Amino acid sequence: MNIEQTIKETVVAATDGAVDLEKVESVGDNLGSLGLSSLVQVRLIVLLEEKFDIEVDVEMIEEMQLLNSLSSMVKYVSDELKLGVAD
Amino acid sequence: MKQLPLYDPRIYGRMYYSFPLSIIANEEGFENWFYSSFIQLQSSDVTETLARGVADYRFFYVSSPLCYEQVLDIEAYPFEAFSEGITKFIEDAVDTGKYVYAYVDKYYVSDNPFFQKRHYMQETLIHGYDRESRTFSIIGFNKQRLFAPSVVPYADIANGIRHVDWNQSAPLFLLRAKKRAHTPFRPDEVYLLLDEYLQASNSCSRIGSPERSEGLVFGMDTYEALAFSLQRLLEDKAPIVTNIASLHVLWEHKKMMLRRLEYMCANNIIPPDSSRADQWGQIINLVDLCKRRLMKFEFKGDPGLIGQIVADLSSIRQREEALLRKELPFIKLGGT
């Protein structure tokens with residue numbers, strides 16, 4: 001599974017198509033510039049949890065500025081998946 | 001085509017205050033009035049909340065255009081005054097610089113969550129029209145649940161207005177910002193309201209509010225009412241979105257508290273405090289976290305999230321009370 005591509009597609013799904021894949025790719029790493037509402041951000045987290053079978057504490061979103069950077073999200077998901085394998 | 005300007009309302013959790021604020025936020029003296037307001041909170045008490053299924057949680061004395069007579073010129077019209085020609089009535093109002101604040105059945109109005117799904121009477125603010133495309137410019141919560149402008153067909157608004165039960169509804173209002181409404185900032189009034197907020201006192205009789213006060217709690221007591229409302233989500237299918245909106249109001253209330261204190265500091269009413277922004281910022285972020293947890297509950301139904309929110313509300317209450325009690329003596333002195 002290509003984590004980065006899956007995350008981009010999940011961003012599109014979380015916005016109900018209001019933001020398309022081309023737009024997501026155009027902002028590069030700077031997902032913060034998409035201006036996702038808090039509702040969309042939470043929906044994105046829930047979809048990522050389902051896609052990757054991981055848990056994301058809502059508190060982490062703000063602490064880690066998780067949703068502002070694509071690379072941060074990729075790293076977070078990768079780390080969580082490794083932890084899951086280790087368990 | 002004609003369109004009246006809209007300004008950043010600063011807070012927008014409920015349309016009944018975001019609409020008037022969108023009209024007046026650019027007026028001279030706005031900040032004096034704004035920071036003297038939006039201090040007290042009210043909620044339905046436990047008995048009322050049980051009967052309703054959800055807390056009616058709001059800022060005190062803001063829910064009708066009539067609450068803004070200090071800063072708005074207000075005209076009220078019964079249905080008979082415009083029923084024969086709804087669209088012309090609205091066009092004429094906009095032509096004379098008046099915003100149209102009307103209840104509509106949102107089932108008939110496109111670009112909102114209830115469109116063709118559920119009959120729901122709710123406010124809308126019309127601030128422009130285009131005769132060529134036969135559309136009105138409105139503002140409100142759109143189908144993405146975002147507070148934003150929309151353009152909708154004349155027919156949507158006309159049908160939405162026609163299907164309101166005008167015997168039960170408030171009248172249609174035409175609103176315009178009062179020019180040269182000199183409203184000085186009043187530390188004495190701010191002090192009274194903050195004290196009432198901390199004491200959980202009923203502000204209705206002192207303010208002369210036309211709203212009923214039975215079945216209501218105020219100020220600090222609203223935390224308990226909100227927690228009770230949230231816990232109801234675990235027992236039955238209580239409306240989640242309404243509770244999310246309540247947490248949004250709580251979040252705006254805390255942001256207003258910090259802005260008000262900063263405004264008073266900038267006007268030498270209270271002394272500087274280097275920790276103020278950080279301490280209130282923590283409270284504001286914690287309320288925002290509660291809101292996001294509830295949104296997550298909407299998707300996943302995890303009861304642990306409700307438990308976390310209720311615990312956080314208790315912490316927020318304690319921290320807020322401590323910070324306000326520290327500031328109150330200075331506000332009482334009023335910069336003297």
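Before any of the text, the structure's been laid out above.
Residues numbered from 1 in each chain as written. Chains lettered and ligands numbered in written order. Predicted model: local features only at pLDDT ≥ 70, side-chain atom pairs only at ≥ 80, totals over all residues.

### A closer look at the overall build of chain B
The number of helices and strands found in chain B is 11 helices and 10 strands. Relative to the 2.2 N^0.38 estimate, which gives 20 Å for 336 residues, the radius of gyration of chain B is 21 Å and therefore close to what a compact globule would have. The C-alpha extent of chain B, read off along each of the three principal axes, is 55 × 50 × 35 Å. Every one of the 336 residues in chain B was classed for burial, and the buried ones make up 42%. (Helix = DSSP H or I, 4+ residues; strand = E, 2+ residues; numbered from the N terminus. Rg over C-alpha atoms; globule rule 2.2 N^0.38 Å. Buried ≥ 20, exposed ≤ 12 C-beta atoms within 10 Å, placed from the backbone.)

### Quick look at the interface of chain A and chain B
At the interface, 11 residues of chain A touch 12 residues of chain B. If you list the elements that add at least two residues to the side of chain A that touches chain B, you get α3 (38-52) and α4 (58-63) of chain A. Considering each element in turn, the side of chain A that touches chain B owes the most residues, 6 residues, to α3(A). (Contact = placed C-beta atoms within 7 Å.)

### Some points on the pairing of strand β6 (residues 121-130) of chain B
Residues and elements named next belong to chain B. Of all 10 residues that make up β6, 7 are buried, and the element is covered over most of its length. Inspection of the sheet shows strand β1 (residues 2-3) paired to β6 by 2 bridges, in the antiparallel sense. Across the sheet, K2 pairs through a bridge with Y129, a residue of β6. Strand direction decides the pairing type here: strand β5 (residues 99-105) and β6, joined by 6 bridges, are antiparallel. Looking at β6, one finds that Y101 is bridged to L125. By the bridge criterion, 5 bridges tie β6 to strand β7 (residues 135-141) in an arrangement that is antiparallel. (Pairing = 2+ DSSP bridges.)

### Describing helix α1 (residues 15-24) of chain B
Because an α-helix completes one turn every 3.6 residues, residues spaced three or four positions apart along the sequence face the same direction. Counting buried residues along α1(B), 10 of its 10 residues qualify, which places the element largely inside the surrounding structure. Buried residues of α1(B): B:M15, B:Y16, B:Y17, B:S18, B:F19, B:P20, B:L21, B:S22, B:I23 and B:I24, and no others.

### Description of unusual backbone geometry
Negative phi values dominate among residues other than glycine, just as trans dominates among peptide bonds. Residue and element names in this part refer to chain B. Not every positive phi belongs to a glycine, and Y61 is a case in point at roughly 55°. Inspection of the secondary structure puts Y61 in the loop between β3 (58-59) and β4 (72-77). With 22 C-beta atoms packed within 10 Å, Y61 lands in the buried category. Here N268, not a glycine, exhibits a phi torsion of approximately 60°, which is positive.

### Some thoughts on the nonpolar core
All names here are of chain B. Counting residues in hydrophobic clusters, the biggest one holds 110 residues, and the most contacted among them are V100 and I126. Broken down by element, the residue count for this core peaks at 9 residues, all from helix α10 (residues 276-300). Both of domain 1 (2-35 + 72-177) and domain 2 (187-333) provide at least three residues apiece to this core. The contacts of V100, once residues within four sequence positions are left out, are I90, A93, I126, L172 and L174. (Core = buried A, V, L, I, M, F, W, Y, C linked by C-beta atoms within 7 Å. Domains from an automatic or database assignment.)

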